[in-house]
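Now for the letters of each chain:
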Amino acid sequence: MNTPVRPGCQFASDNTSSMCPEAWAAVERANHGYEASYGNDPWTTRACELIRQMVEGPADVFFVFNGTAANSLALAAMCQSYHAILCHEVAHVETDECGAPEFFSNGTKLLLLPGAAGKLTPDGITHAVERRRDIHYPKPRVVSITQATELSTVYSIDELAAIGETCRRHDLRLHMDGARFANAVAALGASPREITRDVGVDALCLGGTKNGMGVGEAVVFFDASLAEEFAYRCKQAGQLASKMRYLTAPWVGLLEHGAWLGNARHANAAAARLESGLRGIPGIEVLGERQANAVFAALPADIAEGLRAKGWQFYNFIGAGGCRFMCSWATTDADVDAFLADARAACR
Ligand SMILES: *Cc1c(COP(=O)(O)O)cnc(C)c1O
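Here the residue numbering is sequential within each chain, running from 1 through the sequence in written order. Selection of residues for local features in this predicted model requires a pLDDT of at least 70, selection of side-chain atom pairs for listing and counting requires 80 or more, and totals for whole chains, interfaces and linings are taken over all residues. Side-chain metrics in this entry use all non-hydrogen atoms of the structure; hydrogen atoms and water are not considered.

For the rest of this paragraph, the subject is helix α14 (residues 333-347). Counting from the N terminus, the helices are DSSP H or I runs at least four residues long and the strands are E runs at least two residues long. Take the residue count of a helix, subtract one, and multiply by 1.5 Å to get its expected span. Compared with an ideal rise of 1.5 Å per residue, which puts 15 residues at 21 Å, α14 spans 21 Å between its outermost C-alpha atoms and is within 8% of the ideal. Those residues of α14 lying buried are D335, V336, F339, L340, D342 and A343. With its buried residues spanning 165° around the axis, α14 presents them on a single face. Buried means the residue's accessible area, taken with a 1.4 Å probe over protein chains only, is under 20% of the maximum for its type, while exposed means over 50%, and partly exposed covers the values in between. The directions from the helix axis to the C-beta atoms form the arc being described.

As structure tokens, then:
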């Protein structure tokens, strides 16, 4: 039997949304005549320029189809097979990429660190570096952080600066999984530059899909040496689009008039509305300290089941009873309010 699905009411992920109008319109604009292939077209040039403007300075930019490729290939460019990548135990690179970071780096080991609110700490990183320094242990070389985190929290500028400093002290490179980078920028009210280049991020995987595109993420290198031969890595991994304009035109649409930030602010605000509504429902406990576009909550199992039977979709994510409600650029106040009404009724 098919579960009844209401259009527009999916809290499962921010990748259940459609493309935002700005990204879609740009694809339409790009859909005329002939253009050079493999990235030698004006849309790709413009998208690179706009990303450099976004991060306020020089950067080498590459476009790939998804976040798993962006992370895996960027990480592979940052280390050798005998190195280790330090990341949080709930990091997407660990839990949701099917071993791709290890595969593309020819076996580089992910070392998992705990940390409150889905965040690594300078002490945790230092401990992981110092606990073993012998030849038998994979040598820590990269720190991978997720901004916004998998738990909908956001590293502050100070937290990032401290991590960046720790990385420099231990000769570690810093990778940022920015699948929800825009949501972090919106939550902090900071500039992209302040939370990347200025704190020592070497490579940013910049999310396009969850921000409102149909397909596509960008790899942004602040350290030019990492970009050397990276184009070959992308091609070998099947990540070089031949009709590249279709991958890069949506970036132009998102970036040229600020839709990326508007989309992220909207998604964060929808999550804030949802969170405040859920806090008012007896029997539902909001979990964690939400800053970005997902709300985590503990719902009694029968309540969660009843809501799913009504067509609401969300993941069971952390722990027993912990559900994740993800908002996107497309989430409307009416979606949120309809869900809250059903949740209130179910908890009565
Ligand atoms: C969605 C997501 C990605 C990218 O996932 P793909 O499905 O490979 O595009 C990467 N990191 C985080 C934290 C994500 O949430």
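There is more to say after this.
On to the site of the ligand, then. Throughout this document, a residue counts as near a molecule or strand when at least one of its heavy atoms sits within 4 Å of that molecule or strand. Taken together, the residues surrounding the ligand are N66, G67, T68, N71, H92, E97, T146, E150, D177, A179, R180 and K210. N or O atoms within 3.5 Å of each other form a polar contact, as long as, within protein, one can give a hydrogen and the other can take it, and as long as residues adjacent in sequence are counted only when both atoms are side-chain atoms. G67 has a polar backbone atom sitting 2.9 Å from an oxygen atom of the ligand. T68 is positioned such that a nitrogen or oxygen atom in its side chain is 2.5 Å from an oxygen atom of the ligand. Of the residues forming the shell around the ligand, the biggest block, three residues, is contributed by helix α3 (residues 67-78). Ten residue types, Ala, Val, Leu, Ile, Met, Phe, Trp, Tyr, Cys and Pro, are classed as nonpolar, four, Asp, Glu, Lys and Arg, as charged, and the remainder, Gly among them, as polar. Looking at the shell around the ligand residue by residue, the classes come out as one nonpolar, six polar and five charged.

A word on the nonpolar core. Core analysis: the largest hydrophobic core is formed by 59 residues, its most contacted members being F63 and V143. Start and end points for every domain follow an automatic or database-based domain assignment. The two domains that each donate at least three residues to this core are domain 1 (21-255) and domain 2 (259-346). Look past the residues within four positions of V143 in its chain and what remains in contact with it is L86, L120, I125, I163, C167, L172, R173, L174 and H175. Working definition of a nonpolar core: buried Ala, Val, Leu, Ile, Met, Phe, Trp, Tyr and Cys residues. They are joined through side-chain atoms within 4.5 Å. By size, the runner-up hydrophobic cluster in this structure holds 24 residues, among which are A70, A74, F221 and L226. The contact criterion used is simple: two residues touch if any of their non-hydrogen atoms lie within 4.5 Å.

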